[in-house]
Amino acid sequence: MKKRILVVAIIVAALAGVIFLRPLFIKEGVKVLETTTVKRGDIKGVLVETGIIKPQVGAVVKTGTRATGTITKLYVKIGDRVRKGQLIALIDDREIREQIAQSRAALARQENTMRQIELTYPQRIREARANYEYARLNYEREQELLKRQFTTKESVDRAKKELEIAEANLKRLQDEYETQLSITKASIEEIKAQINQQETRLSYTRIYSPIDGIVSDVTIQEGETVVAGLQVANLITVFDPLSLEMWIYVDEADIGRVKTGQAVEFSVDTLPDRSFHGRIEKIYPQPVVKDNIVYYLAIVKVSRQDAQYLRPEMTTHVRITFDEKKDVLVVPNSAIKFEEGRQIVYKLTGQGTVEKIPVKIGLRNEEITEIISGLKEGDRVATKIILPLKAKPEQRQLR
């Protein structure tokens, strides 16, 4: 029994030794699985960010009224399309209409009074002027007769008195005419102003759509009473679905490379096979903090053609082109390795061996990387390799 146990122990020890010593007998080498050729091509520097679709300023308008009264007619419901200026609701306007009718009647009375003044006073003034001219001539004649002693001093004094009375009467009528005319005109203007004010209040009882769009919210029903206070009550909301923009949340590490005018390509989950395009129109200076990460908003206006396929609050996957180069050396991203704090590639030599080459890279996007130095056109590099088991730790990378 003891012999059997000893034999088993020797076998186990031998197997362990083989397993432990096996790497010492394996020949070191890099096994290349896939390769590519360094070539020239065009490359775009792209930032990948996340955005959200939002209505533009003015695309959502809440309509209300400054009138107090009962909703007598409601012409729309949620989802209805409306045109700018379309009547969408009515408030009871009987009281205001009655006030306007009273004011118009008062205006008619004052206008009649004006016509009467303009008709009678000029005639009376003409008569007073004629009396004044007669009195003046009579006074002058009496003065001449007195010089020739054909009349008396009393007659001259009487003619003078009659002239003064005629002159005073003429002036009184002229002043009275101007005063009555001024008072009546002022009264007419005041009543017209009241009518304008009442008609403005009447317009508050008619609610019109402020823009072309779709009714997105209705907070009233026929028969309900609206009470206008210090703030206008929001009754019906109209939304223009084709006036959209995109807010791009740009990471603070990327914002330095984002500029207005840069081209943007984006997609949404509901239409994964469709790409939309635009340009950055503005960048907001105020940061936005989400989940303890600082972002800056870049705004892209969505064309009305693209807006037909989009909805507010949709999440977008955004690619911002911040630079573009043509006819430069490029390799797939999988060819670039990072070892000992530098970028390297595994280059295939003419003797069938692999050489580790440090490179300087430029633009990099989701697929390819620009090579500034370290390689030349036509070089073959590994994109997928298996490093040897006894390789140094920095070489044990598999891509």
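Residues numbered from 1 in each chain as written. Predicted model: local features only at pLDDT ≥ 70, side-chain atom pairs only at ≥ 80, totals over all residues. Heavy atoms only, no water.

As for the overall build of the protein chain
And step 1. Scanning the protein chain for helices and strands turns up four helices and 22 strands.
And step 2. Taken over 399 residues, the protein chain has a buried fraction of 34%.
And step 3. Of the contacts made within the protein chain by residues no fewer than 6 positions apart, 75% connect residues no fewer than 24 positions apart.
And step 4. A total of about 25,400 Å² of accessible surface is found on the protein chain, and carbon and sulfur atoms cover 52% of it. (Helix = DSSP H or I, 4+ residues; strand = E, 2+ residues; numbered from the N terminus. Buried < 20%, exposed > 50% of the residue type's maximum accessible area, 1.4 Å probe, protein only. Contact = heavy atoms within 4.5 Å. Areas by Shrake-Rupley, 256 points an atom, 1.4 Å probe, with all protein chains shown as cover.)

Things to note about the pairing of strand β20 (residues 360-364)
And step 1. In this structure, β20 lies alongside strand β21 (residues 368-373), joined through three bridges in antiparallel fashion. Residue pairing across strands places Ile-361 opposite Ile-371, the latter belonging to β21.
And step 2. The antiparallel pairing of β20 with β21 creates a hairpin that spans three residues between the two strands. (Pairing = 2+ DSSP bridges.)

Details of the pattern of salt bridges
And step 1. Scanning the entire structure with this criterion turns up 24 salt bridges.
And step 2. Of the charged contacts in the structure, one is a salt bridge between Asp-80 and Lys-77, with a shortest N-O distance of 3.6 Å.
And step 3. For the salt bridge of Asp-212 with Arg-83, the shortest nitrogen-to-oxygen distance reads 3.7 Å. You can see Asp-212 sitting in the loop between β7 (206-208) and β8 (213-218) and its partner Arg-83 sitting in the loop between β5 (81-82) and β6 (87-91), a full 129 residues away along the chain.
And step 4. One network of salt bridges, with partners in common, ties together Asp-42, Glu-324 and Lys-326. (Salt bridge = Lys/Arg side-chain N within 4 Å of Asp/Glu carboxyl O.)

Quick notes on the sheet that holds strand β9 (residues 225-226)
And step 1. The four strands lie next to each other as β7-β6-β4-β9, forming an open sheet whose pairing is antiparallel. The open sheet has two free edges, formed respectively by β7 and β9, since each of these has just one partner strand.

Some details on the confidence of the model for the protein chain
And step 1. Taken as a whole, the protein chain shows an average pLDDT of 87; of its residues, 89% reach a score of 70 or greater.
And step 2. Ignoring residues within four places in sequence, the model shows residues 16-27, a span with pLDDT below 50, making three contacts including any to other chains.
And step 3. For residues 391-399, every residue scores under 50 in pLDDT, and the model assigns this stretch 25 contacts once sequence neighbours within four places are set aside. (pLDDT = per-residue confidence, 0-100.)

Section: unusual backbone geometry
And step 1. Despite not being glycine, Gln-149 shows a phi value in the positive range, around 65 degrees.
And step 2. Accessibility expressed as a relative area gives 70% for Gln-149, which makes it exposed.
And step 3. With a phi close to 50 degrees, Glu-340 is a non-glycine residue in the positive phi region.
And step 4. Structurally, the position occupied by Glu-340 is in the loop between β17 (337-339) and β18 (342-348).

Description of the packing of helix α2 (residues 94-147) against helix α3 (residues 153-203)
And step 1. For the pair α2 and α3, the least separation of the axes is 7 Å and the interaxial angle reads 165 degrees. Compared by their axis directions, α2 and α3 come out roughly antiparallel. Here α2 runs over α3; the crossing is left-handed. (Axes fitted to C-alpha atoms, helices over the stretch in contact; angles between N-to-C directions. Parallel < 35°, antiparallel > 145°, perpendicular 65-115°, else oblique. Left-handed = near helix turned anticlockwise from the far one by under 90°.)

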